[in-house]
Amino acid sequence: MELFCCQTHVGQGLDEFVAKTESYPILTELSDSEKLSTKCNYCEEQALYLVASK
């Protein structure tokens, strides 16, 4: 499971990940090039973080 999140929705992404997978998420900051082409899963803002298992 991978969730892309903006600054506003990073908490929601972490909560959803834990609720659905029942495991600890790994939060990583996206590189500058990834930020340009990736949108938040919850809104149309630019994603800054990836919430994933690996």
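Higher on the page you've got the structure.
Quick notes on the environment of Tyr42
- Here Tyr42 is to be found in the loop between helix H2 (32-37) and strand E3 (49-52).
- Overall, the relative accessible area of 23% leaves Tyr42 in the partly exposed class.
- Sequence separation between Tyr42 and Lys54 is 12 residues, and the spatial gap between their C-alpha atoms is 21 Å.
- The residues contacting Tyr42, other than those within four sequence positions of it, are Leu3, Cys5, His9, Gln12, Gly13 and Glu16.

Describing the pairing of E3
- Residues Tyr49 and Val51 line one face of E3 and the alternating positions Leu50 and Ala52 line the opposite face, and both faces are buried.
- In terms of strand pairing, strand E2 (residues 26-29) meets E3 through 4 bridges, oriented antiparallel. Bridge pairing in E3 places Leu27 opposite Val51.

Topic: helix H1 (residues 10-21)
- The end-to-end C-alpha distance of H1, which contains 12 residues, comes to 16 Å, matching closely the 16 Å that a straight helix rising 1.5 Å per residue would cover.
- Looking at H1, one finds that the buried residues are Val10, Gly13 and Phe17. Relative to the axis of H1, the buried residues are bounded by an arc of 55 degrees and lie together on one face. Away from the buried face of H1 by more than 90 degrees, exposed residues Asp15 and Ala19 are located.

Thresholds applied
- Along each chain, residue indices are assigned from 1 in the same order as the chain's sequence is written.
- At least 70 in pLDDT is required for a residue's local features to be given in this predicted model, at least 80 for side-chain atom pairs to be given and counted, and no such filter applies to totals for whole chains, interfaces and linings, which use all residues.
- The side-chain numbers reported here are obtained from all heavy atoms of the structure, hydrogens and water having been left aside.
- Helix and strand definitions here come from DSSP, where helices need a minimum of 4 consecutive H or I residues and strands a minimum of 2 consecutive E residues; each element is numbered from the N-terminal end.
- Remark: exposure states derive from per-residue accessible area (1.4 Å probe, protein chains only) relative to the maximum for the residue type, with buried under 20%, exposed over 50%, and partly exposed in between.
- Residues are treated as being in contact if the distance between any of their heavy atoms lies within 4.5 Å.
- By this definition, two strands are paired if DSSP reports at least two bridges between them.
- To estimate the expected span of a helix, subtract one from its residue number and multiply by 1.5 Å.
- Working definition: the arc comes from the directions between the helix axis and the C-beta atoms, pointing outward to the latter.

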